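As a plain string of letters, each chain reads:
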Number of protein chains: 2
Amino acid sequence: MTADLEITRLRESGGKGFEKVFAFLRERLLAGSLRPGDRLIPERDLAAQLGVSRPILREALRALTVLGVVEIRDRVGTIVRRPDPSVLNDFFTFAFAQQSDVVDDVMQARIAIECQAVRLAAERATVSDFERLQQALARIVDTIDDPDGGSAADFDFHRAVVNAGKSETLIVLHNSLSGILMRSHRGRRELLQVFDSMKTYLIEDHRRIFDAIVGRDPEHAERVLREHFAIGDDFRRRAAIGESDARSAS
Amino acid sequence: MTADLEITRLRESGGKGFEKVFAFLRERLLAGSLRPGDRLIPERDLAAQLGVSRPILREALRALTVLGVVEIRDRVGTIVRRPDPSVLNDFFTFAFAQQSDVVDDVMQARIAIECQAVRLAAERATVSDFERLQQALARIVDTIDDPDGGSAADFDFHRAVVNAGKSETLIVLHNSLSGILMRSHRGRRELLQVFDSMKTYLIEDHRRIFDAIVGRDPEHAERVLREHFAIGDDFRRRAAIGESDARSAS
DNA sequence: CATCTTACCTTGGTCAGACCAGAATACATA
DNA sequence: TATGTATTCTGGTCTGACCAAGGTAAGATG
């Protein structure tokens, strides 16, 4: 009626549109014909070559971007990249967004990661790691009365431990999990004022962990760390029971 | 000069185009104003409302789809979903596509997860879990001479252990990591024929792990599991050194 | 009046062609 | 040769359109 209808529609193989393009690129990426550093051909050309329109191609590209396998650089091109761990962060963030009840569960994973990492740290940590740990330790002591700073210092120490483990995978996972826990339990540290004994616990525990790492004793390091988590958990439990906790949501 | 320039460009807040839309939706999703099950308003309306064109909105939606937070259903609408762990699989698949050298590193993470899980399993496992573990154990014995089946049985047992830990997060992570290791080390089990002593090791170790769980002894369970991994690692090392390993890639 | 048909509207899926702005590069000039 | 400018990419985005199938409500039927 109105006008044109010659063209359009299934040009060739596979799925339909986006699906096809995504699968195509995915395959290329996984197979290795496209490797990190490579630059894809211009969107217009690629779209034409794949028999889809540019918007569709862009959807696929964007999808890959989210997965961290490619990077679309404005006015430069699309570059293949080694997947960025931050993707996990995105995922976990969404996955555990409202389910605050799973925080404890995520914590189990964090404990798992850290306990393994601390073992590795005891074996692999370098002098530089020792220094970083020592600094983090000092920060914990300095900020013991400051909820915000203290929390940050605490996380820094634990991150330093994991980093000292020299396992890329553990580091990535730990970062993701920490992010979730941070977001969820922003004010967890606030109960610090409640138990004064907690201060010494915080300082002493971290110091013992540090000592264990320096002492190259994986077994002991893990035990101390586990204990550390257990005690922290206990404090939290007591706070939850003994007091009506004040909470603040933004 | 040429002509029109009234419209187009920065309609309101934030970033530019895609970035803005993605951020907007992300915030909505994280904040909870959009929760699983909800259906977004039609693309056209949403696009107009956000001040972007439909293709751009679709890029954002597609990105969220990859993250598993929404599902675009043809001719129905866009539905908010609870992120699916399979996303992790996607990510890891890409992340470790060609980097087979990081397998050992991923293994560290798997050990971390399992060691924590086995502790939880020792505490939380139900009778049903015991049964499943027992069955897996039986399978290991039965398939001890079958490389393929044996490998599967092995994985099943370990998965059963993690499941018995009752931690969703650990289960998800373990699945992802196992997937990678499976893909990478398809024929790892082939060196079974080399060391005959390995057979008894496989059977005995798993039985001891099982016993520890049934015995409700987290400490012991972890120790045995760790030992199990260490010995397996040792076998592998010996195989690598002592023999020119035959490898087969598909 | 209840049920079944059917036409219409909605909604995602896709396309084509256009314009912008800045990066890359070629080229002309000093 | 060095430098500065013009041209060409290239991604980023917009507009407006068409298609096909899901939903739905009006109309036909028993």
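Reading the values: the criteria
Residues numbered from 1 in each chain as written. Chains lettered and ligands numbered in written order. Predicted model: local features only at pLDDT ≥ 70, side-chain atom pairs only at ≥ 80, totals over all residues. Heavy atoms only, no water. Contact = heavy atoms within 4.5 Å. Buried area = accessible area lost by both parts, 1.4 Å probe. Salt bridge = Lys/Arg side-chain N within 4 Å of Asp/Glu carboxyl O. Helix = DSSP H or I, 4+ residues; strand = E, 2+ residues; numbered from the N terminus. Phe/Tyr/Trp six-rings, centres within 6.5 Å; stacked < 30°, edge-to-face > 60°. Buried < 20%, exposed > 50% of the residue type's maximum accessible area, 1.4 Å probe, protein only. Near = heavy atom within 4 Å. Polar contact = N/O pair within 3.5 Å; in protein donor to acceptor, adjacent residues only side chain to side chain. Nonpolar A, V, L, I, M, F, W, Y, C, P; charged D, E, K, R; others polar. Least-squares fit on C-alpha atoms with pLDDT ≥ 70 in both.

Enquirer: Can you break down the interface of chain B and chain A residue by residue, with the values?
Expert: Residue-level contacts link 53 residues of chain B with 53 residues of chain A. Summing both sides of the interface, chain B and chain A together bury roughly 4500 Å²; the carbon and sulfur share of this comes to 64%. Summed over the three residues of chain B that lose the most area to chain A, namely E59, F91 and F94 of chain B, the buried surface amounts to 16% of that side. Linking chain B to chain A there are six salt bridges. Across the pair R62 of chain B and E59 of chain A runs a salt bridge whose closest N-O atoms are separated by 2.7 Å. Residue assignment for the side of chain B that touches chain A shows that the elements contributing at least two residues are helix 1 (18–31), helix 3 (54–66), helix 4 (86–95), helix 5 (103–124), helix 8 (168–184) and helix 10 (218–242) of chain B. Element by element, the count of residues in the side of chain B that touches chain A is highest for helix 5 of chain B, at 11 residues.

Enquirer: Tell me about the packing of aromatic side chains, and name the residues and values.
Expert: One pair of aromatic rings is described through two measures. These are the centre distance and the angle between the planes. Residues and elements named next belong to chain A. What the rule picks out here adds up to two aromatic pairs over all chains. On the basis of an interplanar angle of 15° and a centroid distance of 5.7 Å, the ring pair of F18 and F22 is categorised as stacked. Here F22 and F18 lie together in helix 1 (residues 18–31), a separation of four residues that amounts to about one turn. F22 shares its class with F18; the two are buried.

Enquirer: I'd love a proper account of the protein's contact with DNA strand C, names of residues and values included.
Expert: Neighbouring residues of DNA strand C: 24 residues in total, closest K16, S53 and R75 of chain A together with R54 and R58 of chain B. Among atoms of DNA strand C positioned within 4 Å of the protein, sugar and phosphate together represent 64%. In this structure, G51 of chain A approaches DNA strand C through a main-chain N or O atom, which is 3.5 Å from a phosphate oxygen. Counting residues per element, the ones that place at least two in the surface near DNA strand C are helix 3 (54–66) of chain A together with helix 2 (43–50), helix 3, strand 1 (70–73) and strand 2 (77–80) of chain B. Element by element, the count of residues in the surface near DNA strand C is highest for helix 3 of chain B, at three residues. Taken together, the residues of the surface near DNA strand C sort by class into seven nonpolar, five polar and 12 charged.

Enquirer: Kindly report on the relation of the copies chain B and chain A, identifying the contributing residues and their values.
Expert: Its rotation angle being 179°, the transformation that places chain B on chain A also includes 0.6 Å of axial translation and leaves an RMSD of 0.9 Å. Such a turn and shift between the copies fits a two-fold axis. A high fraction, 100%, of the interface residues of chain B reappear at the interface in chain A, so the copies pair face to face through one surface.

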